[in-house]
Amino acid sequence: MKIRKITYSALLGALAAGLSAIEVLFVPFMPFGAKPGLSNVVTMYAAKSLGIGSALAITLIKSLFVLVMRGTVAALMSLAGGTVSALATAFLLKNGKTKMGYIGIGIIGALLHNFSQLGLSFAIIGAASLYYLPSIIFFAVVNGTLTGLILFATIGFLRKKDGRIQ
Amino acid sequence: MIKRADIILIIVLLAAAAALFFAFDSSSDAGEQVIITGPQNEVKIDFRSLTEEKRIEIEVENGKVIIVVDSQGAQFVQSPCSGQQCVNMGKISKKGQYAVCVPCRVQIRISGGELDGVTE
């Protein structure tokens with residue numbers, strides 16, 4: 001079981017890294033350089049099916065990949081956003097009492113992801129980064145809805161394919 | 001699949017985004033001075049009186065940031081950053097407007113209508 005979990009996490013880590021590389025291609029077409037956050041689907045899925053440890057490991061793998069591809073600032077942004085949003089979504093997905101559906105959890109994940117990046121950019125450049133706030137909230141809603149829907153579809157599909165995946 | 005809490009969350013967040021957007025869109029006040037802040041120094045230009053465009057080049061870690069200022073405003077035209085948010089923000093000309101390149105630590109803003117003034 002342990003080996004299965006490790007290989008599965010590694011596979012998902014590679015998927016997250018690949019998705020984050022593809023996402024960069026969307027940037028020129030999106031206002032304010034927003035990215036769709038597709039790799040968040042992977043961490044959310046990992047948090048749901050493998051647990052918080054795997055989700056954090058995948059976030060770290062992805063950030064290391066970003067470090068090589070796009071430099072220190074981007075990697076720190078990725079790590080800060082990824083860790084906070086992985087913790088929050090893991091908590092919400094594992095908490096049976098939550099009233100949120102996948103869409104709500106996706107939005108909260110995206111929002112916290114963006115807020116921690118905003119916090120970091122506040123530390124680097126100061127109050128001017130607050131200018132991003134309205135667009136950050138707006139895109140968190142749009143992208144969180146998208147990732148939530150993809151997560152819902154993915155979990156349903158994989159559950160049918162492989163009964164062992166929860 | 002979509003629960004009531006999700007819908008409430010979406011509505012609250014969209015309302016907050018809209019409110020902040022209008023709060024930051026400080027007014028249609030045309031600004032007078034653009035302040036360009038780089039990693040080392042700060043430049044102030046009274047752009048309304050410019051007769052030809054001015055190119056400001058700032059050396060940063062991975063290359064060069066180029067900002068063009070003319071009588072209509074200021075904008076990033078080139079940056080070595082990966083995201084290119086700064087270039088995509090386009091031209092700024094109204095009081096309190098900002099354009100920022102976080103990776104390069106360069107920001108341009110139009111003086112007047114500071115953020116503190118807006119949030120008071």
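This text gives an overview of the structure that appears in the document.

What counts, and at which threshold
- Residues numbered from 1 in each chain as written.
- Chains lettered and ligands numbered in written order.
- Predicted model: local features only at pLDDT ≥ 70, side-chain atom pairs only at ≥ 80, totals over all residues.
- Heavy atoms only, no water.
- Helix = DSSP H or I, 4+ residues; strand = E, 2+ residues; numbered from the N terminus.
- Buried < 20%, exposed > 50% of the residue type's maximum accessible area, 1.4 Å probe, protein only.
- Contact = heavy atoms within 4.5 Å.
- Areas by Shrake-Rupley, 256 points an atom, 1.4 Å probe, with all protein chains shown as cover.
- Buried area = accessible area lost by both parts, 1.4 Å probe.
- Polar contact = N/O pair within 3.5 Å; in protein donor to acceptor, adjacent residues only side chain to side chain.
- Core = buried A, V, L, I, M, F, W, Y, C linked by side-chain atoms within 4.5 Å.
- Pairing = 2+ DSSP bridges.
- Axes fitted to C-alpha atoms, helices over the stretch in contact; angles between N-to-C directions.
- Patch = residues over 30% accessible without salt bridge, like charges linked within 9 Å, V, L, I, M, F, W, Y side chains within 5 Å.
- Salt bridge = Lys/Arg side-chain N within 4 Å of Asp/Glu carboxyl O.

## Concerning the overall build of chain A
Counting its regular elements, chain A contains six helices and zero strands. Beginning at the N terminus, the succession of helices and strands in chain A can be written as α-α-α-α-α-α. Scored against the burial criterion, the 166 residues of chain A give a buried share of 51%. Counted over contacts in chain A with a minimum sequence separation of 6, partners at least 24 positions apart contribute 66%. Counting only carbon and sulfur atoms, one obtains 75% of the accessible surface of chain A, whose full area is about 7800 Å².

## Let's talk about the interface of chain B and chain A
Contacts between chain B and chain A engage 28 residues on the former and 33 residues on the latter. Carbon and sulfur atoms supply 78% of the area that chain B and chain A bury against each other, a total of about 2800 Å² over both sides. In this structure, the connection of chain B to chain A is made through two residue pairs in polar contact (both at pLDDT 80 or more). Breaking the side of chain B that touches chain A down by element, the ones donating at least two residues are helix 1 (4–24), helix 2 (85–88), strand 6 (98–101) and strand 7 (106–110) of chain B.

## Topic: the nonpolar core
One finds B:V34, B:I36, B:I67, B:V69, B:F76 and B:I108 to be the most contacted residues of the largest nonpolar core, which totals 68 residues. Of all the elements, helix 5 (residues 102–125) of chain A adds the most residues to this core, at nine residues. When sequence neighbours within four positions are dropped, the list of residues in contact with B:V69 reads B:V34, B:I36, B:I45, B:F47, B:L50, B:E52, B:E53, B:K54, B:I56 and B:A74.

## Focus: the pairing of strand 2 (residues 42–46) of chain B
Look at any regular strand and the pattern is simple: side chains alternate between the two faces of the sheet. Residues and elements named next belong to chain B. By the bridge criterion, five bridges tie strand 1 (residues 33–37) to strand 2 in an arrangement that is antiparallel. Counterpart to I35 in the pairing with strand 2 is K44. Linking strand 1 to strand 2, which pair antiparallel, is a turn of four residues.

## A look at the sheet that holds strand 5 (residues 73–78) of chain B
Strand pairs in the sheet, formed through backbone hydrogen bonds, run parallel or antiparallel to each other. All names here are of chain B. One open sheet accounts for three strands, arranged 3-4-5; its pairing is antiparallel. In the strand order of this sheet, the two ends are held by strand 3 (54–60) and strand 5, each with one partner. Ignoring strand direction, the axes of neighbouring strands in this sheet form an average angle of 25°.

## Some words on unusual backbone geometry
Residue and element names in this part refer to chain B. Although it is not a glycine, Q84 adopts a positive phi angle of roughly 65°. By secondary structure assignment, the location of Q84 is in the loop between strand 5 and helix 2. Phi at R105 is positive, roughly 55°, even though this residue is not glycine. Taking relative accessible area as the criterion, R105 reaches 45% and is therefore assigned partly exposed.

## Looking at the pairing of strand 6 of chain B
Residue and element names in this part refer to chain B. A two-sided burial pattern is seen for strand 6, the buried positions comprising Y98 and V100 on one face and A99 and C101 on the other. Here strand 6 pairs with strand 7 via four bridges, running antiparallel. The residue of strand 7 that forms the bridge with Y98 is R109. The hairpin formed by strand 6 and strand 7 contains four residues between the paired strands, and R105 there has a positive phi angle of roughly 55°.

## Quick look at a nonpolar patch on the surface
Residue and element names in this part refer to chain A. A contiguous nonpolar patch, built from L60, L64, L67, V68, M69 and L79 and spanning about 570 Å² of accessible area, is present on the exposed surface. For the nonpolar patch, the element with the most residues is helix 3 (residues 52–70), which contributes five residues. When you line up the elements, L79 lands in helix 4 (residues 72–94). Classification of L79 as partly exposed rests on a relative accessible area of 30%.

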